[in-house]
Amino acid sequence: MASVDQSRIRNFCIVAHIDHGKSTLADRIIEQTGLLTSREMQDQILDNMDLERERGITIKAQAVRTVYRTKDGQEYIFNLIDTPGHVDFNYEVSRSLAACDGAILVVDAAQGIEAQTLANVYLALDHDLDVFPVINKIDLPSAEPQRVIEEIEDVIGIEAQDAPLISAKNGIGIDEVLEQIVKKIPAPKGDPDGPLQALIFDSLYDSYKGVIIFCRVMEGTVKKGTRIRFMATGASQEVVEVGYFGAGQFIPCEELSAGMVGYIMASIKNVKETAVGDTVTDADNPCAEPLPGYKKVQSMVYCGMYPADGAKYPDLRDALEKLQLNDASLNYEPETSVALGFGFRCGFLGLLHLEIIQERLEREYNLDLVTTAPGVIYKVYKTNGEVMELTNPSNLPDPSEIEYMEEPVVNAEIMVTSEFIGSIMELCQERRGRYLGMEYIEGTRALLKYELPLNEIIYDFFDALKSRSRGYASFDYDIKGYERSNLVKLDILINREEVDALSFIVHADSAYERGRKMCEKLKDEIPRHLFEIPIQAAVGGKIIARETVKAMRKDVLAKCYGGDITRKKKLLEKQKEGKKRMRQIGNVEIPQKAFMSVLKLDDKK
Amino acid sequence: MADKKELELYFHIPFCVRKCAYCDFLSAPAGKPVQEAYMKAMLAELSGRADECRDHRVSSVFIGGGTPSVVEETWICQLMQRVKESFALASDAEITIEVNPGTVTEKKLKVYRQAGINRLSIGLQSARDEELKKLGRVHTYEQFLETYCAARAAGFANINVDVMSALPGQSLLNYEETLKKVLALSPIPEHISAYSLIIEEGTPFFESYGRGELQLPDEDCERRMYERTAELLGEAGFVRYEISNYARPGFFCRHNCGYWKRTEYLGFGIGAASLFQNSRFSNSRELSAYLKEPLGSREDRTVLSPQDRMEEFMFLGLRMTAGVNYREFAETFGQTMEEVYGGIIQKNRETGLLYDRKDPETGERFLALTGRGVNVSNYVMAQFLFD
């Protein structure tokens, strides 16, 4: 493998809207390039984690190398780099794209172009990738390949007349895709003898081997013994192994040279040192400049995570530590809540990322968690000139010390069929959206452009979007920046005591509505006590909403089950057990799930 | 005989004419041959257990079900005969049988009396026929009256009547009508058990409740029914001696009180529970297993630890409005109630759910539920379980 002919390498990725068949096509490509027998094929090879398979999306970028023999007998190396499909992981997508020379655009023959299709294809074109389209699911009764071809040409402006018409699911037309990969995707360039310059597009922590860096070599060559340096983080290590990606396994090789995609192992302990987007160079013969486009990944969404059982705090800390080894975009720091005890304030790329981490903590580490309402990072400009980045509402300074506040805003694009334009616009208005414009894609579909505050979309925007468009709307966004906003802290008082874990920052205009909904929800979740419990929402000490949990007046086991005392005791034990899952706030016992239920205050269905 | 330990016997007769819509007891209709086989097995179990009870004196017998009155009265006679032969039955023992209206005649009731049965428990539930019908009861109010008169004529001087509140479609006035009719009986019953309907899993009511077809009285109404029970029965001279049981002075059900005082008892028949020699266990609920080996079907044996016994002492004893005796606790467990449960007792005294009662006759101190405490008794009792 010492001298790989660059002209025989194709580095590419597949871009698509969710559910348009990206992973299935990847499976077929891997299958038909013959590296694996059908028997070895799991359904979706690129999706390694159980969780990914269940959610039907790809979370972490991965890569696979296969060998393809063209119809005229030439052998090519394909490096297929998988990209995450969710907006939370936009930066990772952009780095994966940067590692490629071309992209296959998969479009569903029935659904046509969607918001993510556009977002991803523009991202690919921004990275100067050569993109060729593939029309998938042509065997569906509702397939309209010709219409979709025209749509691609009209909307995206790329040639689509000779797009392969395929069914990835049923293996139709895959040959043509493989031939077009060779013809339409350019071979990599770069000088194998130049100073090393390799782009990190992903990394993985393995407890035996340490961090495994996934990279694309742009210039130069790396091999065992090379002393490498990470240009952004400055860390430096000696390479112990390089190799490429078999399906689901690492296959060592002698060296990786310009144009190749593979992995590097160098006894690195933490993925923090191998940031995605960073450039790897040779410490002894460094390149002049790092590759462009590196940025530090920023957490966008924060929430408090607490063990349901206070004694499990150390377990939660250990679990977060382990997850972070593999996920540089997760960050956390200890915090204390009056209501929930010891826990962590955790930062995530987005709500999906949050949910994934939460599920992994619960599933893989067997932890029972209480999560507080997720929030974004607010900028608090204080009267003394300080600027504070606020991730925990409880830390908001006294209003007298606040000059003004800013919140993050996104540019959102929503694609929707015309019948739902009205209801989606209404949703965006409710979420404080600023209308930027609308473009008709074709007669029946439009692309709505809005500016939306991030804190309005991290809760249940996606769910609301889906339910108000019967599942047809698709959505994508980019962080635009910070804007000044009239924000207030909404507090919840239970039996006249403020519950810190339930406080959150909200726009002044939405405070009443949100407060009212939270009170209603909490009323349903808090069991009756011997006394009446007022539940109040307050802004700056002023009560804006109230509900009451009535006093328990009867709790009797009237029937006597003959002499079956055991059964009676079991009932009492159950009652007592239920109490253990409660948090004591003042003299009120609040079930753990009450803290979670206020996260989803979905309104209109 | 006086220094022998006290023992209660319970006989479970799992047969009925038809299963009621709310009933989750172990009972079902069955033909004569099954009934005969079952009664024979029970007689065998009875004889077989005599040995282990040599040191005991039987203070009460309760024949319950199901509907024990559906089996031929000769079986009940044989059963009582066998009890007298095999056990030391106290001369003043309380001997109860449950009957349902429409399943007994004066003749049958006289046979019961002759067999030594001295207390009758009649399942009325409601004095309104439409409510009885909804409950799936097999009788009318008229039939109840006939049974009640027949019982008095047969010589029963200690009769309990079961009534039920919070029935589907029942109004407060409807329920009061039932109570008033029962109180107007002549002579007035000695004992009244008043329960709220509980929707139990596995019953037809549970199904229809799940489908939203059961119009149950709302919380406030149910609550009023509960209060009215205490008021009306109190005015009529009844003492509420236990959460759901009311009696005229001198007619507290000794058998039931035995359960709350942790008197030893043996249960016979399928599913019957026992407390004996510091263990709780019960017979198999499988009819076939029981018929095959009436003596061999005991299961779920739990040997009670001192902690178990303390818990039971409290959550069972507190069901009685007289409460639990401080001295008895200390004598039984070698620790005072305050030492073990001081914090809980104090907390519930402060919230007005428990109070200290001084017995007017003996001057002894008891811990008891207040009127408010009775209403939320589960909440109070659960606190006496150890972590």
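Small disclaimer: the values here were computed from a predicted structure and weren't measured.

**Observations regarding the overall build of chain B**
Next, step 1: The helix and strand inventory of chain B stands at 15 helices and 15 strands.
Next, step 2: Counting across all 387 residues of chain B, residues that qualify as buried make up 57%.
Next, step 3: Surface accessibility of chain B: about 15,900 Å² in total, with carbon and sulfur atoms responsible for 50%.

**Here's the deal with the overall build of chain A**
Next, step 1: Each helix and strand counted, chain A has 14 helices and 33 strands in total.
Next, step 2: Look at the contacts in chain A between residues 6 or more apart in sequence, and 69% of them connect residues 24 or more apart.
Next, step 3: About 25,200 Å² of surface is accessible on chain A, with carbon and sulfur atoms providing 47% of the total.

**What to know about the sheet that holds strand E15 (residues 365-369) of chain B**
Residue and element names in this part refer to chain B.
Next, step 1: The sheet built from three strands is open, its strands ordered E13-E15-E14 with antiparallel pairing. The open sheet is flanked by strand E13 (324-325) and strand E14 (354-358), the only strands paired with a single partner.
Next, step 2: When E13 meets E15, the two strands line up antiparallel, connected through two bridges. The residue bridging Asn325 from the neighbouring strand is Phe366, located in E15.

**Some remarks on a nonpolar patch on the surface**
Next, step 1: A cluster of nonpolar side chains, Tyr435(A), Met438(A) and Tyr440(A), forms an exposed patch at the surface whose accessible area comes to about 300 Å².
Next, step 2: Mapping Tyr440(A) onto the fold places it in strand E24 (residues 434-442).

**Concerning the packing of helix H13 (residues 565-580) of chain A against helix H11 (residues 306-317) of chain B**
Next, step 1: Packing of H13(A) against H11(B) leaves a shortest axis separation of 12 Å and a crossing angle of 85°. Comparing their axes, H11(B) and H13(A) come out roughly perpendicular. Taking contact as the criterion, the partners of Ile565(A), Lys568(A), Lys569(A) and Leu572(A) in H13(A) are, on H11(B), Asp308(B), Glu311(B), Glu312(B), Phe315(B) and Leu316(B).
Next, step 2: Here the residues of the contact of H13(A) with H11(B) sort into four nonpolar, no polar and five charged.

**Topic: the sheet that holds strand E11 (residues 241-246) of chain A**
Residues and elements named next belong to chain A.
Next, step 1: Judged by pairing direction, the sheet is antiparallel, and its eight strands sit side by side in the order E10-E9-E15-E6-E7-E14-E11-E12 without closing on themselves. Because the sheet does not close on itself, it has two edges, and the strands there are strand E10 (236-238) and strand E12 (249-253). With strand direction ignored, the average angle separating the axes of adjacent strands in the sheet is 40°.
Next, step 2: Summarising the sheet, strand E6 (residues 197-206) and strand E15 (residues 279-282) pair through two bridges and their orientation is antiparallel. If you follow Leu199 over to E15, its bridge partner there is Thr279.
Next, step 3: Together, E6 and strand E7 (210-219) form the strand contacts of helix H3 (residues 90-98), whose direction differs from that of E6 by roughly 130°.

**Section: the state of the cysteines**
Residues and elements named next belong to chain B.
Next, step 1: Counted by the stated rule, this structure contains zero disulfides over all chains.
Next, step 2: With no disulfide partner, Cys23 has as its closest neighbouring cysteine sulfur the one in Cys20, 6.2 Å distant.
Next, step 3: A residue is classified by how much of its surface remains accessible, and Cys23, at 14% relative accessible area, is buried.

**Topic: the nonpolar core**
All names here are of chain A.
Next, step 1: Ranked by size, the top nonpolar core spans 82 residues in total, and within it Leu361, Ile414, Ile424, Phe461, Ile494, Ile526 and Phe595 carry the most contacts.
Next, step 2: Looking at which element gives the most residues to this core, the answer is strand E23 (residues 402-417), with six residues.
Next, step 3: Residue contacts for Leu361: discarding those within four places in its chain leaves Met305, Leu316, Ala319, Leu320, Leu323, Asn366, Leu367 and Leu369.

**Looking at the packing of H11(B) against helix H13 (residues 337-350) of chain B**
A pair of packed helices can be characterised by two numbers: the angle between their axes and the separation between those axes.
All names here are of chain B.
Next, step 1: Two elements in contact, H11 and H13, have axes separated by 12 Å at closest approach and are oriented at 60°. With respect to each other, H11 and H13 are oriented oblique. Helix-helix and strand crossings are classified by hand; for H11 and H13 the assignment is right-handed. For the pair H11 and H13, the contacting residues are Met310, Glu311, Phe313 and Met314 in the first and Met337, Val340 and Tyr341 in the second.
Next, step 2: Looking at the contact of H11 with H13 residue by residue, the classes come out as six nonpolar, no polar and one charged.

**Observations concerning the interface of chain A and chain B**
Next, step 1: Contacts between chain A and chain B engage 27 residues on the former and 39 residues on the latter.
Next, step 2: Where chain A abuts chain B, roughly 3,200 Å² becomes buried across the two surfaces, and 57% of that area is made up of carbon and sulfur atoms.
Next, step 3: Its largest share of buried area at the contact with chain B, chain A owes to Leu530(A), Arg553(A) and Lys554(A), together 20% of the area lost on that side.
Next, step 4: Summed over the shared surface of chain A and chain B, the result is six salt bridges.
Next, step 5: Lys569(A) serves as the salt-bridge partner of Asp308(B), at 3.2 Å between the closest nitrogen and oxygen.
Next, step 6: At the boundary of chain A with chain B, the tally comes to six residue pairs in polar contact (both at pLDDT 80 or more).

**Remarks on the packing of aromatic side chains**
Next, step 1: In total, this model carries 27 aromatic pairs over all chains according to the counting rule given.
Next, step 2: Considering the side-chain rings of Phe214(A) and Phe245(A), the 4.8 Å spacing of their centres and the 40° angle between planes classify their relative orientation as tilted. Remark: Phe245(A) occurs in strand E11 and Phe214(A) occurs in strand E7; sequence separation between them is 31 residues. Each member of the pair Phe214(A) and Phe245(A) is classed as buried.
Next, step 3: With a centroid separation of 4.4 Å and an interplanar angle of 10°, the aromatic rings of Tyr241(B) and Phe252(B) are classed as stacked. Of the two residues, Tyr241(B) is situated in strand E7 (residues 239-242) and Phe252(B) in the loop between strand E8 (245-247) and helix H9 (254-261); the sequence distance between them amounts to eleven residues.
Next, step 4: By way of ring pairs, the aromatic residues Phe313(B), Phe329(B), Phe333(B), Tyr341(B), Phe384(B) and Phe386(B) are connected into one cluster.
Next, step 5: Seen from the ring of Phe366(B), Arg357(B) lies directly overhead, with NZ or CZ sitting 4.8 Å from the centre.

**Remarks on the pairing of strand E27 (residues 487-494) of chain A**
Residue and element names in this part refer to chain A.
Next, step 1: The element E27 is extensively covered by neighbouring structure, given that eight of its eight residues are classed as buried.
Next, step 2: The alternating pattern of E27 places Leu487, Lys489, Asp491 and Leu493 and Val488, Leu490, Ile492 and Ile494 on opposite faces, both of which are buried.
Next, step 3: Examined bridge by bridge, E27 and strand E28 (residues 497-498) share two bridges and lie antiparallel to one another. Bridged to Leu493 within E28 is Glu498.

**Side note on helix H8 (residues 219-235) of chain B**
Residues and elements named next belong to chain B.
Next, step 1: With 17 residues, H8 extends 24 Å from end C-alpha to end C-alpha; this agrees with the ideal 24 Å at 1.5 Å per step.
Next, step 2: All of the buried residues in H8 are Cys221, Arg223, Met225, Tyr226, Arg228, Thr229, Leu232 and Leu233.
Next, step 3: Structurally, H8 contributes buried residues whose contacts are with strand E5 (159-165), helix H6 (172-183), strand E6 (191-196), E7, E8 and helix H14 (371-375).
Next, step 4: With a side-chain oxygen positioned 3.2 Å from the backbone nitrogen of Asp220, the residue opening H8 is Asp218.
Next, step 5: Gly237 sits one or two positions beyond H8 and adopts a positive phi of about 90°.

**Some details on the confidence of the model for chain B**
Next, step 1: For chain B, per-residue confidence averages 93 on the pLDDT scale, and residues scoring 70 or more make up 99% of the total.
Next, step 2: Interface confidence in the predicted complex, given as ipTM, is 0.86; pTM for the same model is 0.66.

**Topic: H9(B)**
Residues and elements named next belong to chain B.
Next, step 1: For H9, the tally of buried residues reaches six of eight residues, placing the bulk of the element in the interior.
Next, step 2: Those residues of H9 that sit buried are His255, Asn256, Cys257, Gly258, Tyr259 and Trp260.
Next, step 3: Immediately downstream of H9, the backbone of Arg262 shows phi near 65°, a positive value.

**Digging into the pattern of salt bridges**
Next, step 1: Under the criterion given, the structure shown has 64 salt bridges over all chains.
Next, step 2: With its nearest N and O atoms 3.1 Å apart, the salt bridge here joins Glu144(A) to Arg147(A).
Next, step 3: For the salt bridge of Lys480(A) with Glu483(A), the shortest nitrogen-to-oxygen distance reads 2.9 Å.
Next, step 4: Each of Arg128(B), Glu130(B), Glu131(B), Glu177(B) and Lys181(B) takes part in salt bridges that share partners, so that together they form one network.

Definitions and cut-offs
- Residues numbered from 1 in each chain as written.
- Chains lettered and ligands numbered in written order.
- Predicted model: local features only at pLDDT ≥ 70, side-chain atom pairs only at ≥ 80, totals over all residues.
- Heavy atoms only, no water.
- Helix = DSSP H or I, 4+ residues; strand = E, 2+ residues; numbered from the N terminus.
- Buried < 20%, exposed > 50% of the residue type's maximum accessible area, 1.4 Å probe, protein only.
- Areas by Shrake-Rupley, 256 points an atom, 1.4 Å probe, with all protein chains shown as cover.
- Contact = heavy atoms within 4.5 Å.
- Pairing = 2+ DSSP bridges.
- Patch = residues over 30% accessible without salt bridge, like charges linked within 9 Å, V, L, I, M, F, W, Y side chains within 5 Å.
- Salt bridge = Lys/Arg side-chain N within 4 Å of Asp/Glu carboxyl O.
- Axes fitted to C-alpha atoms, helices over the stretch in contact; angles between N-to-C directions.
- Parallel < 35°, antiparallel > 145°, perpendicular 65-115°, else oblique.
- Nonpolar A, V, L, I, M, F, W, Y, C, P; charged D, E, K, R; others polar.
- Disulfide = S-S within 2.5 Å.
- Core = buried A, V, L, I, M, F, W, Y, C linked by side-chain atoms within 4.5 Å.
- Left-handed = near helix turned anticlockwise from the far one by under 90°.
- Buried area = accessible area lost by both parts, 1.4 Å probe.
- Polar contact = N/O pair within 3.5 Å; in protein donor to acceptor, adjacent residues only side chain to side chain.
- Phe/Tyr/Trp six-rings, centres within 6.5 Å; stacked < 30°, edge-to-face > 60°.
- Lys NZ or Arg CZ within 6 Å of the ring centre and 35° of its normal.
- Expected span 1.5 Å × (residues − 1).
- pLDDT = per-residue confidence, 0-100.

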